[in-house]
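# Structural description and commentary
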Amino acid sequence: MGTFNCIGVLTSGGDAPGMNAAIRAVTRAAISKGIRVKGIFRGYKGLVTNEISELYSDSVSNIIQRGGTILKTARCAEFMTPEGRQVAYDNMVKEGIEALVVIGGDGSLTGARIFAQEFNVPCIGLPGTIDNDLFGTDTTIGYDTALNTIVEAIDKIRDTATSHERLFFIEVMGRDAGFLALNGAIAGGAEAAIIPEYITEEDQLEEFIKRGFRKSKNSSIVLVAESKSKGGALDIVERMKKDFPGYDARVSILGHLQRGGSPTAHDRIIASRMGAAAVDALLEDQRNVMIGIVRDEIVYVPFTRAIKNDKQVKPELIDMLRQLCI
Ligand code: F6P
């Protein structure tokens with residue numbers, strides 16, 4: 001059984017609704033077990049620049065319902081260098097922080113894995129990202145809220161799409177993962193989702209057009225997963241104008257509004273469970289693991305597995321979407 005006098009908590013990478021609920025849970029679960037907690041501001045940057053302050057039970061009052069992160073977040077170039085990580089470690093020691101809880105996505109957990117190995121620091125990760133792209137957990141903190149935001153947007157755009165009898169391409173986030181696009185399409189009753197895990201974007205567009213959506217419908221909505229390399233929804237509409245002229249198509253890019261807002265009950269609950277589990281994991285001498293939830297049970301996933309980028313979208317969901325949108 002591990003013993004700790006003081007642990008640190010930070011949020012890193014893109015913010016996600018529910019991060020505050022996770023910070024609250026880590027803080028209060030630790031304090032309940034007699035462990036002090038220090039909040040590190042602006043992710044790993046705060047470790048390098050020593051922006052650290054103690055969190056008490058009331059420091060995390062009234063935050064469970066708030067989106068964003070009270071600890072702020074950043075992507076930190078210094079922490080990517082051995083010199084930067086040495087400064088971070090020295091600050092940690094100076095502050096008496098004996099272990100770290102890192103809340104973030106794959107980049108943040110990769111940082112934790114390297115840091116933990118280099119300095120033999122116990123690190124526990126919590127999957128905090130709207131993208132849902134971490135392996136070994138059914139869902140990530142923020143994903144459900146972002147999905148609900150997307151569905152709300154689809155419902156609104158559908159009013160316009162129906163009135164104008166138009167085709168809308170709605171671009172959603174997800175970095176290199178199609179979970180938000182595919183499940184957003186299912187939940188929003190969209191006609192298709194164009195996602196990176198399937199055949200090429202061009203082929204997916206062609207397949208959609210060939211399905212002849214015009215036969216039964218005057219308007220359509222297609223969700224498109226953002227794509228830094230390929231150009232996303234704007235690119236698709238350009239191609240459409242060229243290859244399939246005659247469609248009145250529009251693009252709506254939802255952007256960062258998908259990352260904001262009050263977390264859903266589901267995100268608050270998983271964030272609370274995972275935050276408390278992170279403290280238990282440290283006391284059980286776990287290190288270099290991400291907390292996941294699989295079939296409603298807490299699991300420990302080694303960082304190397306969680307960030308391997310092999311979480312799959314279910315191909316049967318693509319087929320189902322096709323059947324349901326006739
Ligand atoms: O990882 C979360 C995410 O919102 C991705 O879906 C998106 O690609 C990326 O972050 C955007 O990052 P930034 O806010 O730095 O532009």
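So, here's what we can say about the structure. All values reported here derive from a predicted model rather than from experimental measurement. (Residues numbered from 1 in each chain as written. Predicted model: local features only at pLDDT ≥ 70, side-chain atom pairs only at ≥ 80, totals over all residues. Heavy atoms only, no water.)

## Details of the packing of aromatic side chains
Operational definition: Each Phe, Tyr or Trp ring, with Trp reduced to its six-membered ring, pairs with another whose centre is within 6.5 Å; inter-plane angles below 30 degrees give stacked pairs, above 60 give edge-to-face pairs, and intermediate values give tilted ones. Counting from the N terminus, the helices are the DSSP runs of H or I reaching at least four residues and the strands are the DSSP runs of E reaching at least two. Remark: exposure states derive from per-residue accessible area (1.4 Å probe, protein chains only) relative to the maximum for the residue type, with buried under 20%, exposed over 50%, and partly exposed in between. The rule for a charge over a ring is simple: NZ of Lys or CZ of Arg within 6 Å of the ring centre, and within 35 degrees of the ring normal.
Applying the stated criterion across every chain yields a total of four aromatic pairs. Between tyrosine 89 and phenylalanine 119, the ring centres sit 4.6 Å apart and the planes meet at 10°, which makes this aromatic pair stacked. Of this pair, tyrosine 89 sits in helix α3 (residues 82–94) while phenylalanine 119 sits in helix α4 (residues 106–119); the two residues are 30 residues apart in sequence, bridging distant segments of the chain. Their ring planes at 55° and their centres at 5.3 Å tell us that phenylalanine 115 and phenylalanine 119 sit as a pair that is tilted. Note that phenylalanine 115 and phenylalanine 119 are positioned in helix α4 at a spacing of four residues, about one turn of the helix. Looking at phenylalanine 115, the relative accessible area reads 0%, which means it is buried. Accessibility expressed as a relative area gives 17% for phenylalanine 119, which makes it buried. Feature note: the residues Tyr44, Phe79, Tyr89, Phe115 and Phe119 constitute an aromatic cluster, connected by ring pairs. Lying across the ring of phenylalanine 179, lysine 311 places its NZ or CZ 5.5 Å from the centre.

## As for the sheet that holds strand β9 (residues 249–253)
Filter applied, for reference: DSSP bridges decide pairing: two strands pair if at least two such bridges lie between them. Axis definition: a line fit to C-alpha positions, over the contact stretch in the case of helices; interaxial angles, taken between N-to-C directions, run 0 to 180 degrees. Any two residues whose heavy atoms approach within 4.5 Å at even a single point are treated as in contact.
With parallel pairing, four strands are arranged side by side in an open sheet as β7-β8-β6-β9. Bordering the open sheet on either side are β7 (192–194) and β9, each of which pairs with just one other strand. Between one strand axis and the next, the sheet turns by 25° as a mean value, whatever way the strands run. Sheet topology places strand β6 (residues 167–172) next to β9; five bridges connect them, and they run parallel. Note on β9: the bridge partner recorded for phenylalanine 168 is arginine 250. In the packing of helix α6 (residues 179–188) onto the sheet, the strands contacted are β6, β7 and β8 (220–225), and the crossing angle to β8 comes to about 160°. The strands that helix α8 (residues 232–243) touches are β6, β7, β8 and β9; relative to β6, the one it contacts most, it runs at about 150°.

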